[in-house]
Amino acid sequence: MAKGFFITGTDTDVGKTVITVALIKAIGRLGFSVGGMKPIESGCLDESAILLPADGMFIRTAAHMEEGIRHITPCCFRSPLAPLPASEIEGAPVDFEKIRKAFADLSRKYDVVVVEGIGGLLVPITKDYSVIDMARDFDLPLVVVTKPTLGTINHTLLTVNYAIKEGLRVAGIVINYNQPPENSLAERTNPELLGRISPVPVIGTFPHLKDMEGPTIEKAAEETLDMSILGQYLTKDI
Ligand SMILES: Nc1ncnc2c1ncn2[C@@H]1O[C@H](COP(=O)(O)OP(=O)(O)OP(=O)(O)O)[C@@H](O)[C@H]1O
Ligand SMILES: [Mg+2]
């Protein structure tokens, strides 16, 4: 069975790519070889008719992967939209076979593959297939990335509880400061409250970083993420 995690979030822009990279670094420190993947990316840069996926490229660089970018992001859209409307506008269907093959290749090569989802769980990929269906097909436990601010309790529990109700494994939650801290009462109380009332553990609260270069993400991951929560998924069949 392929080992890895499927990184989802309560929303777009919540910090899935940043946490995907943080987890790639942290799992690497546990002694595993780690690859990353962002199977579908929309809002890609159009460079002389070649679509460049910013998330896929960041993941590829962070994980020091030698694969071509289409192995990491097989499916790219120009439109900054969910895959369903993007594929309708661009007249390009999602190539699931390419995605399956790329994931199978990465799973053979790396001990662990960290896969970044697209938006949140109910983002439509086709008319009757959403991100949650893709997570189920990858058969990887989920990590839910969420914000620390007011409103996050509802969004986080909706995501976590829906995934569990649909029969998916949810390894835990990462609370990510995608914006600089406001030091609000909500920010100060949410991590403890989520830890208390969520059915899955909080893996950590990831700080707002001034830059993403060099060792900053790796250092923050080491200091804030409790990798024993995720480690058990890598060493046992759960
Ligand atoms: N911990 C952090 N520190 C500083 N900036 C952050 C942090 N987390 C996220 N950001 C910034 O917030 C923005 C959104 O983050 P990111 O791209 O990781 O979100 P996402 O959930 O992957 O979005 P998408 O749904 O588009 O894939 C980026 O500009 C990123 O650099
Ligand atoms: Mg992203």
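Bear in mind the structure is a predicted one, so any value in this text is a computation, not a measurement.

Thresholds, definitions, all that
Within each chain, residue numbers correspond to sequence positions counted from 1 in written order. Following the order in which they are written, the chains are lettered starting with A and the ligands numbered starting with 1. Residues qualify for local features only when their pLDDT is at least 70, as the model is predicted, and side-chain atom pairs are given and counted only at 80 or more; totals for whole chains, interfaces and linings, by contrast, use all residues. The side-chain figures draw on all heavy atoms in the structure; neither hydrogens nor water molecules are used. The rule is simple: take the accessible area with a 1.4 Å probe, protein chains only, and divide by the maximum for that residue type; under 20% is buried, over 50% is exposed, in between is partly exposed. Elements are defined by DSSP. Helices are runs of H or I of four residues or more, strands are runs of E of two residues or more, and each kind is numbered from the N terminus. Whether two strands pair comes down to DSSP finding at least two bridges between them. Here, a salt bridge means any side-chain nitrogen of Lys or Arg that lies within 4 Å of a carboxyl oxygen of Asp or Glu. Whether a residue is near a molecule or strand is decided by its heavy atoms; if any one of them lies within 4 Å of it, the residue is near. Counting of polar contacts relies on pairs of N or O atoms within 3.5 Å, with two restrictions inside protein: one atom must be capable of donating a hydrogen and the other of accepting it, and residues adjacent in sequence are counted only when both atoms are side-chain atoms. Here the Shrake-Rupley method, with its probe set to 1.4 Å, supplies the accessible areas, and only the displayed protein chains count as covering residues. In the cavity and pocket records, a cavity denotes points on a 1 Å grid over the protein atoms alone where a 1.4 Å probe fits but cannot get out, a pocket denotes an open set with protein on both sides within 12 Å along at least 5 of 7 lines, and lining residues are residues with an atom within 4 Å of a point. Assignment to a cavity or pocket requires that more than half of a molecule's atoms be within 2 Å of the site's grid points. We call Asp, Glu, Lys and Arg charged. Ala, Val, Leu, Ile, Met, Phe, Trp, Tyr, Cys and Pro are nonpolar, and the rest, Gly among them, are polar. Whether two residues are in contact is decided by their heavy atoms: any pair within 4.5 Å suffices. In this charge count, Lys and Arg are treated as positive and Asp and Glu as negative; neither His nor the chain ends contribute.

Draft legend 1. Expanded view of the pairing of strand β1 (residues 3-9). Counting buried positions along β1 gives 7 out of 7 residues, so the element sits mostly inside the fold. The sheet contact formed by β1 and strand β7 (residues 112-116) spans 5 bridges and is parallel. Of the residues in β7, the one forming a bridge with K3 is V112. Summarising the sheet, β1 and strand β10 (residues 142-146) pair through 4 bridges and their orientation is parallel.

Draft legend 2. Up close: the pattern of salt bridges. Tallied over the full model, the rule gives 14 salt bridges. In this structure, the salt-bridge partner of D46 is R78, at a minimum N-O distance of 2.7 Å. Taken together, the positions of D46 in strand β4 (residues 45-47) and R78 in the loop between β6 (75-76) and α4 (83-90) put the pair 32 residues apart, joining distant regions of the chain. Given a relative accessible area of 39%, D46 falls into the partly exposed group. Classification of R78 by relative accessible area gives partly exposed; the value is 41%. Two residues, R196 and E192, come together in a salt bridge whose shortest N-O distance is 2.7 Å. Taken together, the residues R196 and E192, both in helix α8 (residues 185-197) and 4 residues apart, mark about one turn of the helix. Residue class for R196 comes out exposed when judged on its relative accessible area of 56%. With relative accessibility at 47%, the residue E192 sits in the partly exposed group.

Draft legend 3. Inspection of unusual backbone geometry at higher detail. Although it is not a glycine, D13 adopts a positive phi angle of roughly 70 degrees. Its location among the elements puts D13 in the loop between β1 and α1 (16-29). A positive phi angle, close to 55 degrees, is found at H64, a residue other than glycine. Here H64 shows up in the loop between α2 (54-62) and α3 (69-72). Judged by its relative accessible area of 66%, H64 is exposed.

Draft legend 4. Up close: the site of ligand 1. In the vicinity of ligand 1 lie 18 residues, with T12, K16, T17, P207 and L209 positioned nearest. N176 has a polar side-chain atom sitting 2.9 Å from a nitrogen atom of ligand 1. Here ligand 1, which alone exposes 630 Å², has 75% of that area covered by the protein. Applying the majority rule of atoms within 2 Å of the grid points places ligand 1 in the largest pocket. Counting residues per element, the shell around ligand 1 draws most heavily on α1, which supplies 3 residues. For the shell around ligand 1, the residue count by class is 7 nonpolar, 6 polar and 5 charged.

Draft legend 5. Inspection of helix α10 (residues 227-235) at higher detail. Listed as buried for α10 are M227, I229, L230, G231, Y233 and L234. Where α10 is buried, its residues contact β1, α1, β7, β10, β11 (170-176) and β12 (202-206).

Draft legend 6. Focus on the side chain of E41. You can see E41 is positioned in strand β3 (residues 40-41). This buried residue, E41, is left without a salt bridge; K38 holds the nearest opposite charge, at 5.2 Å. Within the structure, E41 has its side chain in polar contact with the backbone nitrogen of D55 (distance 2.9 Å). Setting aside anything within four residues of it in sequence, one finds E41 in contact with P53, A54, D55, G56, T73, C75, C76 and F77.

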